[in-house]
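# Commentary on secondary and tertiary structure
Given next are the chains, with one letter for each unit.
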Amino acid sequence: MASPARAGTETNREIAQIRARWYLTQGDRSLAEGVLRDHLQEDPEDQSALMLMGLILMEGAKLRDSTQYFRRASLVSTGEARVIALYNLADAYARAGAVNDSVETLKSASLGGTTREAIDPVIRDWLLGIASDVRSGQPLPPYERPQ
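The following refers to the structure shown. (Residues numbered from 1 in each chain as written. Predicted model: local features only at pLDDT ≥ 70, side-chain atom pairs only at ≥ 80, totals over all residues. Heavy atoms only, no water.)

### Quick notes on the packing of aromatic side chains
Put simply, the rule reads: Between rings of Phe, Tyr and Trp, where Trp is taken as its six-membered ring, a pair exists when centres lie within 6.5 Å; planes separated by under 30 degrees are stacked, by over 60 edge-to-face, and by other angles tilted. Numbering of helices and strands starts at the N terminus; helices are DSSP runs of H or I of at least 4 residues and strands are runs of E of at least 2. Each residue gets one of three labels from its accessible area relative to the maximum for its type: buried under 20%, exposed over 50%, partly exposed in between, using a 1.4 Å probe on protein chains only.
Overall, the coordinates contain four aromatic pairs when judged by the stated rule. Note on Tyr 87 and Trp 126: the rings are 5.4 Å apart at their centroids and 25 degrees apart in plane angle, and the pair reads as stacked. Here Tyr 87 is found in helix 5 (residues 79-95), whereas its partner Trp 126 is found in helix 7 (residues 121-131), with 39 residues between them in sequence. The exposure class of Tyr 87 is buried, given its relative accessible area of 1%. Residue classification places Trp 126 among the partly exposed residues on the basis of a relative accessible area of 22%. Plain terms: the ring middles of Tyr 87 and Tyr 143 are 5.4 Å apart, the flat faces sit at 65 degrees to each other, and that makes the pair edge-to-face. Note that Tyr 87 is positioned in helix 5 and Tyr 143 in the segment after helix 7, a separation of 56 residues in sequence. Aromatic ring contacts, followed pair by pair, group Tyr 87, Trp 126 and Tyr 143 into a single cluster.

### Section: the pattern of salt bridges
Keep this limit in mind: Counted as salt bridges are all cases of a side-chain nitrogen of Lys or Arg within 4 Å of a carboxyl oxygen of Asp or Glu.
Going through the model one piece at a time under the given rule, you end up with 10 salt bridges. Where Asp 43 meets Arg 13, a salt bridge forms, and the shortest distance between an N and an O atom there is 2.6 Å. Of this pair, Asp 43 sits in the loop between helix 2 (29-42) and helix 3 (47-59) while Arg 13 is found in helix 1 (residues 4-25), placing the two residues 30 residues apart along the sequence. For Arg 13, a relative accessible area of 18% corresponds to the buried category. For Glu 80, the salt bridge is made with Arg 145, and the minimal N-O distance between the two is 2.8 Å. Pair noted here: Glu 80 is in helix 5 and Arg 145 is in the segment after helix 7, with a separation of 65 residues, a long-range link.

Next up, the structure:
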């Protein structure tokens, strides 16, 4: 059973996500950003909130800001969640025209990121394939776990 403090943290994380997503469905990106910024000041290691904030900013063409959130998400994540954070970071770099940064980030993800965790060879090969086709200003294809 989770400790009361842990349960409270999980509940707060869920509430922040629900509120931010609701504002997004209402078309209010700035209120969604505000909810996540406030939440992340209290809980700076909430990997899901970091990812959502990065995605909101990237879709709003705030690419430099989005890279900060994806980078932070990659530092607090493990396993495939870390790979996805790095993939999103590479996507933001590609959209911003920073092809070299995008390719290097994809290569890092293919190695398991900064921790050099073991990575599924199929995912590794897929990431390296994406890295060979990065185009300046173009988004990467959506992340889909290769089979």
